[in-house]
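So the chains spell out like this:
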Amino acid sequence: MDVGTLAFSALYQFGDAFAFLVLSACGLAVIFGMMGVINLAHGEFIMCGAYVTVSAAHAGVPLPLAILIGALVSAAVGALVEILIIRHLYDRPLDTIVATWGLSLIFTQGTLIVLGSTMAGVGTPFGSFTVGDYSYSLYRLVLCGMAVLVIAGLYALFNWTRFGVMARATIQVPHMAAALGIDTRLVYSLTFALGAGLAGLAGGLYAPTMTLVPTMGTTFIMEAFVTVVVGGADVFLGTAPAAAVLAVVKATMTSWYGQLAGQIGLLIAVIVVIRVLPRGISGFLLRERA
Amino acid sequence: ADPIKLGVLEDQSGDFAAATIGKVHAIQLAAEEINKAGGIDGRPLELVIYDTQSDNTRYQEFMRRVLQRDKVDVVFAGFSSASREAYRPIVNQFDGLAFYNNQYEGGVCDANMIVTGAVPEQQFSTLIPWMMEKYGKKVYTLAADYNFGQISAEWVRNIVKEHGGEMVGEDFIPLGVSQFSQNIQNIQKAKPDFVVTLLVGTAQASYYEQAAAANVNLPMASSVNVGQGYEHKRFKPPSLKDMYVTTNYIEEIDTPASKDFFAKFKAKFPDEPYVNQEAENSYLAVYLYKQMVERAKSTKRDDLRKEIAKGDVCMDAPEGKVCLDPKSQHMSHTIYLAKVGADHSITFPKVWEGIKPYWLGEAGCDLTKSDPSAQYTPSNPPPKN
Amino acid sequence: MNALSRFFSRLEGPQTLGRGPGFWIGFLVVLAGACAYPLFSDGYTVGNTVYFFTWIFMALGLCLIWGYGGALSFGQTAFFGIAGYSYGILTINFGAAYGFTFVALLIAIGIAALFAALLGYFLFFGRISGVFLGIVTLSVTLVLERFMAQTAGPEWKIGAARLNGFNGMSNMPPLTVPWPGGDIVLFPDVQLYYVVLGLLVLVYLGLRILVNSPFGNVLVAIRENPERAEMLGYDIRKYQLGTFVIGAALAGLSGVLYTSWGQYITPSSMGMTAAALPIVWVAVGGRSDLTTTLVGTLTVLAVFQALTIHGSQYALVVMGIMLVLTVLLAPRGLIYALARLIARPFTKRQPGDA
Amino acid sequence: MPMLQTIGLNKRFGGLHVTNNVDLTLEAGEVHCLIGPNGAGKSTLFRLILGEHLPSSGAILFGGEDITGLKPFQRIRRGMSVKFQVPGIFKALSVRQNLEIAMQHHYPPAALGEEIDRLLAFLNLTADSTRLAGNLSHGQKQWLEIGMAVSLKPRLLLLDEPTAGMSPEETFATGEMVKRLNAEGMTVLAVEHDMAFVRQVAHKVTVLHLGRVFAQGSIDEIVANEDVAAIYLGQTTAHETAHEAAHA
Amino acid sequence: MRKEVMLSTLGLRAGYGGKPVLQGLDIEVRQGEIVAVIGRNGVGKSTLMKSLIGLVPAMEGSIVFGDRPVEHLSAFRRARLGIGYVPQGRDVFPRLTVGENIAVGGMRAGRVSEADRERVLGYFPILRERWSQRAGTMSGGQQQQLAIGRVLVANPQLILLDEPSEGIQPNIVQDIARIMVQLNADTGVTVVLVEQNIDMIRAMAQRCYVMDKGRVVAELTREDLADGEAMRRHLAV
Ligand SMILES: Nc1ncnc2c1ncn2[C@@H]1O[C@H](COP(=O)(O)OP(=O)(O)OP(=O)(O)O)[C@@H](O)[C@H]1O
Ligand SMILES: Nc1ncnc2c1ncn2[C@@H]1O[C@H](COP(=O)(O)OP(=O)(O)OP(=O)(O)O)[C@@H](O)[C@H]1O
Ligand SMILES: CC(C)C[C@H](N)C(=O)O
Ligand SMILES: [Mg+2]
Ligand SMILES: [Mg+2]
């Protein structure tokens, strides 16, 4: 088999792992990195995005639009959750673990009761292409492209826009941000909605490739947490390099020793990174240049 | 007369719910029919149902509860083998009687248990030779990375060897994993004649969609999918095209008994997404229990086992005739080979009748003589004495 | 008498709710009730209560680490599982004769504690704290779960004990007390109940003494302001590590008791759901206090079980709603809030109390 | 033997050279004030002495022993203690418990209660002893923290802006307290911007500027130094004179 | 001719956790005035400032800004009406750069104009020098200058200054006082100043309230301020 084929296949596997890590993690990372909230209902926002996307697609909406609708509906649900629950917990972030755990129970089981145990899928669009001996799904490249786009978009949003600076200020010293004229409640709601919307986007993007069941969110959770930890508190600096590093680990381990090795490799990577860079990659990049 | 109490512990929520809610419904259907027809020996059947939430600890809690407090006569319990192993010590401790109405990796040799589901020897001794005949001798197995997957894969491996075939690859997938790009590539690289997919749980079912999207286009064989998770109904055609499954029941089976059962089921539960093999296993188990009690004129476990020991506890189930094997207390089955077409319609190229759960008995489990209350595997067989 | 009052005074302090003769009389009444209750109850209820009790040790350990020490461990189940499996491996290999099960219990707890010491050294000497600590400990328990789930093959055995993968390990003997007239096997019934109740009282009082000691003072100081605590001359890493190990040992005790209770241990005891539950119990009860944690854990366990029995499919939804409401309406925990409410008429307002 | 000595101490943050070859000597028994413009590196020097930052180069001797590589708590155990610029107290604990945590290892359990009462009275916080420390006013927090630092009975007391946010009256009282502690044998190193306070307590003053020792001497010498006036003091303050007159 | 009243409170009660610190407090500040508030530690000066900006809710009484009662508005709305607040203890955004901190200060007015930014950087040159340093790593005094600059950049009509001299080197204290007086003369900005530094009060304030136990107990005129003896008496209350 020639080198080009091998190189492409390695690259494809890497890109595939990278996309999954980034898209799984970015919603969680925004909510965790910006607000210090561990959102255990993250998987359920993903599920929400997927369900809405597929329902819309079944109703005849073109898939890209359906995915967008999925993300928006998740964002709206996120905003609602923020207003009703999360807002009251900012001064005790660890309690949000319990609240969001509760939410995740409600969403999962509620979906099961209302919509039944599964939903029919829509099928993966775009078909396949061949390089050398292997054929690949074209849609996977789209996912990869979306991952890059999301990362770039987030970076731009938080560093270059008014909203970004405002959000970061609010999260650091909320009372002072308010005293300087920032509507901190609105900022919180928008930030949480953004995180939920990104989760919904991930759900929508992966919906055509996956089984749709109320518990589907859980398959994203481990990857999401791992990426966030390795990335560290600063979402914009951390998530992309973390996902890249982990994608290499996962793709290599998986191709050599199988999926279990890939999974355990991810978790070991967390522990190693924590040992070497306790504040994650972004902590390392932002370290007090001592 | 006093009712006969039947405890039901099945997962109505959580990860497994998709495949198991139908089991509860099947039991309810059978109980209703029996009660309408005058009960068991004149005694009505009363169900005590708990939702075990796909959580092993709930099985432990509720198995104690049904045996110790509700004092049921018999329990129907469990989907995953882990949940069965979780409650089995408790059934043993209280010397109760439990039915495990589920297809599984085989090997449970325990006098307190009756198994109505199919086991690997029934599904693979039929499926694999047939597939090798039709498609070729190079086989690739993709299996869930836990007891069921590993033991099933072992069966496949052994049967392939026996029939002069070659394993060109084996991949094990941890439960809960939903991304398969690397495995798809491994398979393409190994160029098998067909792929045996032993994927468990809703996450792993995503393989089919992803393999189809990458245009893998290989015939597939399975003992769990379709018959249990009705993937052909959930995924968009043609992602399961050329999938061959050996199962003792699915709703598409076109015999009068099956059609009759399916019609009754749908009449009572019109929203049921699918009537799978475990639903039928559960349904027939109720009737089997009725037969045993009526013959023994008792609900005591020892009396029932005396009937089983006679070796003629058989019945006409929706799938066809089934019998209970006295040595292992497992069930013989009619095994259907279901083929999924490009439009996800089902055809049955082959049917095997009366396939016995032979392995345990041959390996040395004989519950009529001794009760080890253990689970064995081909690589860890019962001790020879 | 003097010795007694000195003993009681060591059980009390600013770190625990419940003070004075009123509280201790109440405590004795409850204890007497707990001792007498099997006489008026059936085997199932007693066995089920023991089952609830087995979890409380893990909750108390987490209360110590998180509520008092301020370090969120999301991975208590790792120690639970390690101890459970250790107990299984030991007793399957060496049997239950001569009281070996209790030796196995101690060794299993020791193994869990040792593992915690190693991990804790890693974490605390690496200065990991806050939410990150939570996520790292969670990762550890998930690694263990994933790993144990795939040990189904015959090659995974230690001595006579098959690890047996996702299906879990069974066939280990329950705790067994050597007795002249034949060993007493502690099946989940009255005998086991008294043994576990005794352990519970011991651990509860022991922890009260611990948190009200100077050690406990430093612990809360670290929770409040680690930098300042260090600047008062305390090596905070050692205090955190010590606390972590104690908490892990308690989780290990739960693991052994659970394994012995059902003669079964499974990788899912270390999974995501299992890992989140201790946090839920502790937070719902009120993590800042041992008593509220104890009562809270019992309450949550009982309510969740009752819901599952009676709520069918709706049980999980109702549980979720209850959790959310508790967090919103009782910020310091449900039991804590109730205790405050009950105690209010009896306490004088302290001058300057906000 | 000097109580504390820094030898060629350097600290860089990236390109910023914050502490530049600082040689500082503190004799046992003196009250030494460190002054200098904002950003001169005073707090950084404090952190170096405490071990919160490690120096880029240089050494620190405490009582003749090299402590450069020790962890902060080890230095504290050798007899240092500190009050930070931003009050560092245990906000969710009562005032009394704050002191208890600080003192429990320095007094026998039997005497602890009494010692705490004494210190509370000394800090004027007796009435507030059961309140949460986080609910105190800014000035009260400062006092509490000084109290915690003092209660360790250190040989060397480090004070970073102890009187920030205090009224002249309270500043004066704090100064008297420092003098009393010093009379009992405590060596004190204080960072202050309040010249009245410096004048009240300092035996010796060091001016830090751009990370270097810029001037050193008695308060009068420093005030008279025109360079110091230019970078730091500005025009001599009217109120300082008034203040002196009042307490003469 | 007396100028319009810019800010007044009537019977203001406010505090923490249901317990009032301010016990019915009345003040009146006219447009263009610089008014100081003095009092011992813990009498409620900072609480007054926080309740004026809206960080501590008023339990009773009124706060009128311009001609609007504002006691029910949340802090950000009051800030948007033109109140600037420099808290005691600075509260800069530690992980934002100096530049971003300034930008946040200007947000209520939209973007920070070039001219405003240059003006503020003229007052505090260190901010220009450290434009992209993260604020949390600045020295105490540098942070204080940032906190003041951050408010000035939005051109508020009323500035609440809580102990601005705390931790600032003496010559910059003098600078700040000069800047504020200058600003007051140029733009007519109104200032409420809480201070302990007598020199600063003298240099800035036209009038002074003395607080004790949550109430105003005395009002000092410019003449009183000049009298060292009277001042000390009040600060020692
Ligand atoms: N972690 C850091 N990264 C970058 N620069 C820093 C860091 N810490 C301090 N600095 C810089 O070092 C210089 C000295 O700061 P330091 O806090 O020691 O000043 P200071 O003399 O205490 O001033 P002040 O009187 O205002 O408190 C300042 O210019 C500050 O911005
Ligand atoms: N967050 C809070 N919660 C409860 N009580 C508080 C809180 N902040 C301040 N207090 C109390 O309110 C009273 C007034 O405090 P405030 O901070 O307004 O005083 P101050 O006059 O500004 O004092 P200082 O000069 O020390 O800054 C004090 O008794 C203080 O203990
Ligand atoms: C095929 C599976 C879903 C069921 C099987 N009994 C198990 O091991 O869990
Ligand atoms: Mg400083
Ligand atoms: Mg104040």
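- As named in an unreviewed UniProt entry, chain D is Branched-chain amino acid transport system ATP-binding protein, taken from Ancylobacter polymorphus.

- Chain C has the name Branched-chain amino acid transport system permease protein in an unreviewed UniProt entry, where Ancylobacter polymorphus is given as its organism.

## A look at the overall build of chain D
- Within chain D one finds ten helices and ten strands.
- Rg of the C-alpha trace for chain D: 18 Å, near the compact-globule value of 18 Å for 248 residues, within the 12% margin.
- Among the 248 residues that make up chain D, the fraction classed as buried is 60%.
- Of the contacts made within chain D by residues no fewer than 6 positions apart, 67% connect residues no fewer than 24 positions apart.
- Total accessible area on chain D stands at roughly 9,300 Å², and carbon and sulfur atoms take up 51% of it.
- Taking the average location of the 21 positive side-chain charges in chain D and that of its 26 negative ones, the two points are 9 Å from each other.

## Some thoughts on the state of the cysteines
All names here are of chain B.
- A full pass over the atoms with the stated rule returns two disulfides over all chains.
- Paired by a disulfide, cysteine 109 and cysteine 365 hold their sulfur atoms 2.1 Å apart. Residues cysteine 109 and cysteine 365 are joined through a disulfide that is right-handed, its torsion about the S-S bond being 85 degrees. Taken as a pair, cysteine 109 in strand S5 (residues 108-109) and cysteine 365 in the loop between helix H12 (358-363) and strand S16 (374-375) lie far apart in primary sequence, 256 residues in all.
- A residue is classified by how much of its surface remains accessible, and cysteine 365, at 1% relative accessible area, is buried.
- Paired through a disulfide, cysteine 314 and cysteine 323 show a sulfur-sulfur distance of 2.0 Å. Looking along the S-S bond of the cysteine 314-cysteine 323 disulfide, the torsion reads about 110 degrees, which is the right-handed sense.
- We classify cysteine 314 as buried; its relative accessible area is 16%.

## Details of the environment of Gly39(E)
- Within the secondary structure, Gly39(E) is located in the loop between strand S3 (34-38) and helix H1 (45-53).
- With relative accessibility at 0%, the residue Gly39(E) sits in the buried group.

## Focus on the pairing of strand S7 (residues 158-162) of chain E
Residue and element names in this part refer to chain E.
- For S7, a buried count of five out of five residues is recorded, marking the element as mostly surrounded by other parts of the structure.
- Bridge count for strand S6 (residues 83-86) against S7 is four bridges, and the pairing is parallel. Paired with isoleucine 83 across the two strands is leucine 158, which belongs to S7.
- As for the winding sense of the linkage, the β-α-β connection from S7 through helix H7 (residues 170-187) to strand S8 (residues 190-194) is right-handed.

## Topic: the packing of aromatic side chains
- One pass over the structure, following the stated rule, counts 59 aromatic pairs over all chains.
- Taken together, a centroid distance of 6.1 Å and an interplanar angle of 90 degrees make the contact between Phe99(B) and Tyr289(B) edge-to-face. Residue Phe99(B) is found in strand S4 (residues 98-100), and its partner Tyr289(B) is found in helix H10 (residues 277-296); the two are separated by 190 residues along the sequence.
- On the basis of relative accessibility, which here comes to 0%, the residue Phe99(B) falls in the buried class.
- Overall, the relative accessible area of 0% leaves Tyr289(B) in the buried class.
- Looking at Arg155(D), its charged tip hangs above the ring of Phe62(D), at a distance of 4.7 Å from the centre.
- Its guanidinium or amino end placed over the ring of Phe93(E), Arg150(E) lies 5.1 Å from that ring's centre, counting from NZ or CZ.

## A few points about the site of ligand 2
- Near ligand 2 you find 20 residues, and of these Asn135(D), Asn41(E), Gly42(E), Ser46(E) and Thr47(E) are the closest.
- Nearby residues place ligand 2 at the junction of chains D and E.
- Here Gly44(E) contributes a backbone N or O atom positioned 2.9 Å from an oxygen atom of ligand 2.
- Relative to its free-state accessible area of 630 Å², ligand 2 is covered by the protein chains to the extent of 86%.
- Where the shell around ligand 2 is concerned, the elements lending two or more residues are helix H5 (138-151) of chain D together with H1 of chain E.

## So, the pattern of salt bridges
- Scanning the model with the defined rule gives 51 salt bridges over all chains in all.
- Here Glu52(D) makes a salt bridge to Arg47(D), at a shortest N to O gap of 4.0 Å.
- On the basis of relative accessibility, which here comes to 27%, the residue Glu52(D) falls in the partly exposed class.
- Via salt bridges that share partners, Arg84(B), Glu85(B), Arg88(B), Glu105(B) and Asp110(B) belong to a single interconnected network.

## Section: the site of ligand 3
Residues and elements named next belong to chain B.
- Around ligand 3 sit 13 residues, and of these Ser81, Tyr100, Gln103, Tyr146 and Gln228 come closest.
- Backbone polar atom of phenylalanine 79 to a nitrogen atom of ligand 3: 3.3 Å apart, as the coordinates give it.
- A distance of 2.9 Å separates an oxygen atom of ligand 3 from a polar atom in the side chain of serine 81.
- When isolated, ligand 3 has an accessible area of 280 Å², and the protein chains bury 98% of it.
- Structurally, ligand 3 is housed in the second largest cavity.
- Its residues assigned to classes, the shell around ligand 3 comprises seven nonpolar, five polar and one charged.

## Overview of the sheet that holds strand S5 (residues 65-66) of chain D
Residues and elements named next belong to chain D.
- Read from one edge to the other, the open sheet built from four strands follows the order S2-S1-S4-S5, with strand pairing classed as antiparallel. At either margin of the open sheet sits one strand with a lone partner, and together these are strand S2 (16-26) and S5.
- Strand direction decides the pairing type here: strand S1 (residues 4-13) and S2, joined by seven bridges, are antiparallel. Directly across from lysine 11, in S2, lies its bridge partner threonine 19.

## Description of the interface of chain A and chain B
- Listed by partner, the interface residues are 37 residues for chain A and 37 residues for chain B.
- For the chain A face of the interface with chain B, the top three residues by lost area are Tyr134(A), Thr211(A) and Gln259(A), together amounting to 20%.
- At the junction of chain A with chain B, the criterion picks out one salt bridge.
- For the salt bridge of Lys191(B) with Asp133(A), the shortest nitrogen-to-oxygen distance reads 3.8 Å.
- On inspection of chain A and its partner chain B, the count reaches 20 residue pairs in polar contact (both at pLDDT 80 or more).
- At the level of elements, helix H1 (3-35), helix H4 (95-115), strand S2 (134-137), helix H10 (235-257) and helix H11 (259-276) of chain A are the ones that each hand at least two residues to the side of chain A that touches chain B.
- The dominant element in the side of chain A that touches chain B, judged by the number of residues it contributes, is H1(A), at five residues.

## Focus on the interface of chain C and chain D
- Counting from both sides, the interface comprises 25 residues of chain C and, opposite them, 28 residues of chain D.
- Interface area, chain C with chain D, both sides summed: about 2,300 Å², of which 58% is carbon and sulfur.
- For chain C, the biggest contributors to the area lost against chain D are Arg228(C), Met231(C) and Leu232(C); these three give 31% of the whole.
- Our enumeration of links across chain C and chain D arrives at one salt bridge.
- In this structure, Glu145(D) and Arg228(C) form a salt bridge, with 2.3 Å as the shortest nitrogen-oxygen distance.
- Inspection of the region where chain C meets chain D yields eleven residue pairs in polar contact (both at pLDDT 80 or more).

Cut-offs applied
- Residues numbered from 1 in each chain as written.
- Chains lettered and ligands numbered in written order.
- Predicted model: local features only at pLDDT ≥ 70, side-chain atom pairs only at ≥ 80, totals over all residues.
- Heavy atoms only, no water.
- Helix = DSSP H or I, 4+ residues; strand = E, 2+ residues; numbered from the N terminus.
- Rg over C-alpha atoms; globule rule 2.2 N^0.38 Å.
- Buried < 20%, exposed > 50% of the residue type's maximum accessible area, 1.4 Å probe, protein only.
- Contact = heavy atoms within 4.5 Å.
- Areas by Shrake-Rupley, 256 points an atom, 1.4 Å probe, with all protein chains shown as cover.
- Lys, Arg positive; Asp, Glu negative; His and termini not counted.
- Charge placed at Lys NZ, Arg CZ, Asp CG, Glu CD.
- Disulfide = S-S within 2.5 Å.
- Pairing = 2+ DSSP bridges.
- Right-handed = clockwise from strand over helix to strand, strands pointing away.
- Phe/Tyr/Trp six-rings, centres within 6.5 Å; stacked < 30°, edge-to-face > 60°.
- Lys NZ or Arg CZ within 6 Å of the ring centre and 35° of its normal.
- Near = heavy atom within 4 Å.
- Polar contact = N/O pair within 3.5 Å; in protein donor to acceptor, adjacent residues only side chain to side chain.
- Salt bridge = Lys/Arg side-chain N within 4 Å of Asp/Glu carboxyl O.
- 1 Å grid on protein atoms, 1.4 Å probe; cavity = no way out; pocket = protein on both sides within 12 Å on 5 of 7 lines; lining within 4 Å.
- Sits in = over half its atoms within 2 Å of the grid points.
- Nonpolar A, V, L, I, M, F, W, Y, C, P; charged D, E, K, R; others polar.
- Buried area = accessible area lost by both parts, 1.4 Å probe.

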